[in-house]
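Residue-level listing of the chains:
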Amino acid sequence: MREGHGNVIYRSDYQEPAFWIDSVDLCFDLDPQKTRVLNRMKVRRNPNVPPQALRLDGEELNLARVMVNGQGISFKIDGNALVLENVPSGTEAFDLEIFTTCSPAKNTSLSGIYTSNDSFFTQCEAEGFRRITYFLDRPDVMASYTVLIRADKRKYPVLLSNGNLVEQGELDDGRHFARWVDPFRKPSYLFALVAGQLVAREQRITSRAGNDHLLQVYVRPGDLDKTEHAMNSLMASVAWDEARFGLSLDLERFMIVATSDFNMGAMENKGLNIFNTKYVLASQATATDTDFNNIESVVGHEYFHNWTGNRITCRDWFQLSLKEGLTVFRDQEFSMDLAGEASARAVKRIEDVRVLRTAQFPEDAGPMAHPVRPDQYLEINNFYTVTIYEKGAEVVRMMQTLVGRDGFRKGMDLYFQRHDGSAVTCDDFAQAIADANPDSKLAQLLPQFKRWYSQAGTPRVKATASFDADAGIYSLTLTQSCPATPGQAEKEPFVIPVGLGLLSADGSELTQGMHVMTQASETLTFPGLQGAPVPSILRGFSAPVVLEFDYTDRQLLTLLAHDTDPFNRWEAGQRLALNRALAFIAQDGLNPSDIRLDAPYIEAIRTVLRHPTLDAAFKELALTLPAESYIGEQLDVVDPQRIHAVREAMREQIAQQLRADWEWAFETHKENGAYSPDSVSSGRRALAGMALSQLCLASRASSDPVWPGKALQRFKDASNMTDRFNALAALVTSGHELAAPALQRFHAMFKDEALVLDKWFALQAGAPDRGGHVLPIVRQLMSHPDFSIRNPNRARSVIFSYCSANPGGFHRADAAGYVFWADKVIELDSINPQVAARLARALDRWKKLAEPQRSAAREAIARVAAKPDLSNDVREVVTRALSD
Ligand code: B3K
Ligand code: ZN
């Protein structure tokens with residue numbers, strides 16, 4: 001590590017803070033250029049820690065005054081810290097007053113306090129509060145907050161902060177004020193302030209517990225008609241947490257505010273959630289079914305943090321998954337419970353597993369691999385990862401599997417009984433779940449189970465089977481291993497719950513159960529069988545592992561047709577497709593256009609498509625081929641362009657061979673009556689959209705204009721964004737000439753809808769590459785008048801859609817994709833390091849690339865790494881990528 005660039009922080013170095021801050025009284029005079037912040041705190045020494053100077057965190061602040069108990073005091077600035085050597089020596093509380101200024105208008109990092117569309121917003125997690133005032137900016141310092149906001153009344157009529165509004169009124173010179181008091185102690189990362197011209201949808205509710213609450217969703221004037229779904233999602237969240245976990249809303253008022261400039265999805269500030277507009281605004285004309293679903297789950301997620309994150313928070317940032325893994329688990333359960341019946345729940349489970357496998361498994365196998373509870377970091381913002389979130393959620397899910405749903409509820413109750421109001425660790429959580437279920441497998445195996453928190457890497461479970469026909473005994477041997485990850489060469493065996501079922505050759509279920517694996521290798525025997533069964537292993541994806549089993553095609557076809565576990569039914573279809581893709585990729589000299597899919601496979605997927613009782617949503621998932629990135633993960637050496645070509649060729653084959661079936665599917669699913677985003681009608685739209693896309697693709701080979709013409713018509717006539725966008729995408733992804741006028745028309749229709757324009761940009765930057773045509777389009781898009789690299793949503797819609805979501809277009813043999821990537825990482829780093837560091841991760845897996853891409857990618861990463869003055873964010877990512 002080069003000196004003077006920030007240091008690596010280690011979990012093992014944790015110490016309690018040397019001081020506590022009991023209360024914070026903040027006074028803001030808002031001005032975009034120069035905002036004044038007066039911070040008056042009650043501070044006292046922590047008697048558990050040896051006496052030392054008070055070191056406060058601060059960044060990008062202009063310090064004007066420091067006073068202790070009303071008197072000036074000597075101080076020094078040491079790097080980013082404000083150091084006070086001479087604060088009172090006893091353990092009595094003292095008053096500390098600090099006056100600083102900062103410039104929200106110049107803050108392009110969107111961390112701390114910043115302006116967006118002439119309004120003020122804050123983002124403090126993880127370490128943004130130190131960009132607002134000097135503080136002990138760490139989650140274990142919990143204080144009571146009072147906030148006075150003063151600002152020009154005409155420009156900033158709405159002034160919001162956490163908690164309850166206790167006073168408001170007029171000031172001289174057209175200014176006004178509002179005073180907010182948060183009744184709960186909180187860490188600084190949950191502080192929030194919003195000021196601007198905003199309007200709110202309001203809803204009064206009475207909770208199960210009988211209390212009245214005011215719910216508000218604030219947006220810019222003109223967007224109010226797009227807030228109904230967010231409000232409904234919020235009401236559903238409040239009701240669900242009461243019903244499922246007995247957790248009620250603890251505030252009189254709960255506010256959501258949307259902003260179009262936001263680094264991530266949303267933020268759970270106490271009583272004042274701040275959201276990316278993408279996860280608030282929706283109307284049938286502008287948002288797709290996926291958008292509606294995402295809004296429901298993100299609104300739920302942030303709301304559920306009110307208990308899991310805010311009432312009980314993290315002791316230190318290494319414990320991040322304590323709140324994130326648990327809250328993702330809760331939002332997944334919420335969406336499943338709202339989806340209703342078993343098949344819709346299974347669809348949600350499949351979607352969640354798909355995210356885990358296409359994003360988290362590669363992370364766990366790459367240079368940024370880290371345990372669910374990491375041991376070290378350079379920049380904490382780099383650790384808001386799919387491992388902390390999604391794998392963390394799987395770890396919580398396994399606990400629920402081991403103690404049962406009711407046992408898990410008991411565990412949560414005990415967790416709140418023990419720790420409400422404090423900052424705790426992942427160990428505390430696991431202990432509470434185990435202690436509430438003393439007779440459970442979790443309690444018996446707790447130390448071993450907790451290896452899920454400490455060991456990185458995706459475990460592999462290899463299954464081998466044999467059948468003794470004479471004795472009628474089937475034996476299944478399960479062997480687990482886990483590959484080395486950075487800093488962790490050897491791994492100990494995990495506790496792995498393995499959902500199991502056995503099917504007879506004709507597809508009827510013989511037995512089912514849950515086996516909890518604890519050893520490196522275990523053999524299970526099943527006596528009394530008439531013939532060799534078909535095993536259905538890892539049902540429901542009961543653990544976040546890679547399951548290796550040499551299924552025959554015949555076995556997979558049986559599972560695809562008959563498995564009672566919908567997850568494994570879907571998985572069987574994926575394996576059939578994956579095996580074919582891998583075989584084609586490996587076949588030397590095979591030209592993708594010569595690919596022929598075998599009849600049994602085609603017949604099997606035709607049966608799924610035509611199935612009389614399967615849900616449309618399930619069919620759409622089952623007929624979607626494994627993602628290019630997932631196929632790549634199965635290979636030691638990756639040629640992304642070949643993977644793309646093979647997958648596209650398979651798609652085209654399926655399009656042609658099932659043409660009549662796709663026509664049937666489109667005709668029978670295209671009409672869905674009045675728009676509603678429910679799971680049944682959204683599933684039907686998804687399947688109709690897929691059918692249309694396949695029909696446009698099939699027309700390409702025959703140059704038949706009928707289906708592209710129908711797609712254009714549907715694009716024009718659609719009454720909702722899902723159908724309209726699917727039709728547009730069908731034209732764009734099939735490369736049809738009608739795509740250009742349709743894109744033009746789409747832009748003209750939605751030129752004032754930022755979130756829809758993001759879709760327009762993303763569709764073009766992520767389109768299937770034909771002979772390298774996408775990169776020039778990406779460059780053109782970046783000089784489009786509607787493009788701005790400073791807006792994270794827009795930057796993601798073009799740059800990320802190309803670099804992270806379009807492997808076939810990005811990994812060019814001429815390295816032009818990588819040159820573009822390096823230029824953009826460097827450019828973004830000087831604007832917004834968090835966004836830049838996300839982009840930097842697009843080349844995480846460069847070591848697996850085939851030549852010439854491998855060398856070219858390394859060169860591009862090295863060029864970024866050589867740049868002086870990189871942020872810690874980007875430096876950590878590229879340094880790790882280049883290390884062995
Ligand atoms: N807790 C925030 C994420 C903060 C990210 C900081 N870089 C949103 C969430 O997980 O709900
Ligand atoms: Zn979260």
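Residues numbered from 1 in each chain as written. Chains lettered and ligands numbered in written order. Predicted model: local features only at pLDDT ≥ 70, side-chain atom pairs only at ≥ 80, totals over all residues. Heavy atoms only, no water.

Draft legend 1. Structural context of the overall build of the protein. Within the protein, the secondary structure is distributed over 27 helices and 32 strands. Taking 2.2 N^0.38 as the reference for a compact globule, 884 residues should give roughly 29 Å; the C-alpha atoms of the protein span a radius of gyration of 28 Å, in line with that estimate. Principal axes of the C-alpha set define a box for the protein whose edges measure 90 × 65 × 60 Å. Within the protein, the fraction of its 884 residues that count as buried is 60%. Within the protein, counting contacts between residues at least 6 apart in sequence, those at least 24 apart form 70% of the total. (Helix = DSSP H or I, 4+ residues; strand = E, 2+ residues; numbered from the N terminus. Rg over C-alpha atoms; globule rule 2.2 N^0.38 Å. Buried < 20%, exposed > 50% of the residue type's maximum accessible area, 1.4 Å probe, protein only. Contact = heavy atoms within 4.5 Å.)

Draft legend 2. Spatial organisation of the sheet that holds strand 26 (residues 460-468). A sheet is described by the order of its strands in space; here 4 strands give the open sequence 30-27-26-32, paired in mixed fashion. If you trace the sheet from one side to the other, it starts and ends with strand 30 (521-526) and strand 32 (546-548), each paired once. Ignoring strand direction, the axes of neighbouring strands in this sheet form an average angle of 20 degrees. Sheet analysis places strand 26 next to strand 27 (residues 473-481), joined by 9 bridges and oriented antiparallel. When the sheet's bridge partners are listed, Val 461 is paired in strand 27 with Gln 480. (Pairing = 2+ DSSP bridges. Axes fitted to C-alpha atoms, helices over the stretch in contact; angles between N-to-C directions.)

Draft legend 3. Here's a closer look at the packing of helix 5 (residues 386-419) against helix 6 (residues 426-435). Interhelical geometry of helix 5 versus helix 6 gives an angle of 105 degrees and a closest axis separation of 6 Å. Taken together, helix 5 and helix 6 sit at an angle that is classed as roughly perpendicular. Contact residues: Val 396, Met 399, Val 403, Phe 408, Gly 411, Met 412, Leu 414, Tyr 415, Arg 418 and His 419 in helix 5; Asp 428, Phe 429, Ala 430, Gln 431, Ala 432, Ile 433 and Asp 435 in helix 6. Residues of the contact of helix 5 with helix 6, tallied by class, amount to 11 nonpolar, 3 polar and 3 charged. (Parallel < 35°, antiparallel > 145°, perpendicular 65-115°, else oblique. Nonpolar A, V, L, I, M, F, W, Y, C, P; charged D, E, K, R; others polar.)

Draft legend 4. Main features of the coordination of the zinc ion (ligand 2). Taken together, the protein ligands of the zinc ion (ligand 2) are His 301 (NE2), His 305 (NE2) and Glu 324 (OE), with distances of 1.9 to 2.0 Å. In the primary structure, the donors to the zinc ion (ligand 2) are separated according to the pattern H-x3-H-x18-E. Of this pair, His 305 sits in helix 2 (residues 289-305) while Glu 324 is found in helix 3 (residues 320-339), placing the two residues 19 residues apart along the sequence. Assigned by exposure class, His 305 and Glu 324 land together as buried. (Donors = N, O, S within 2.8 Å, 3.2 Å for Na, K, Ca; no water.)

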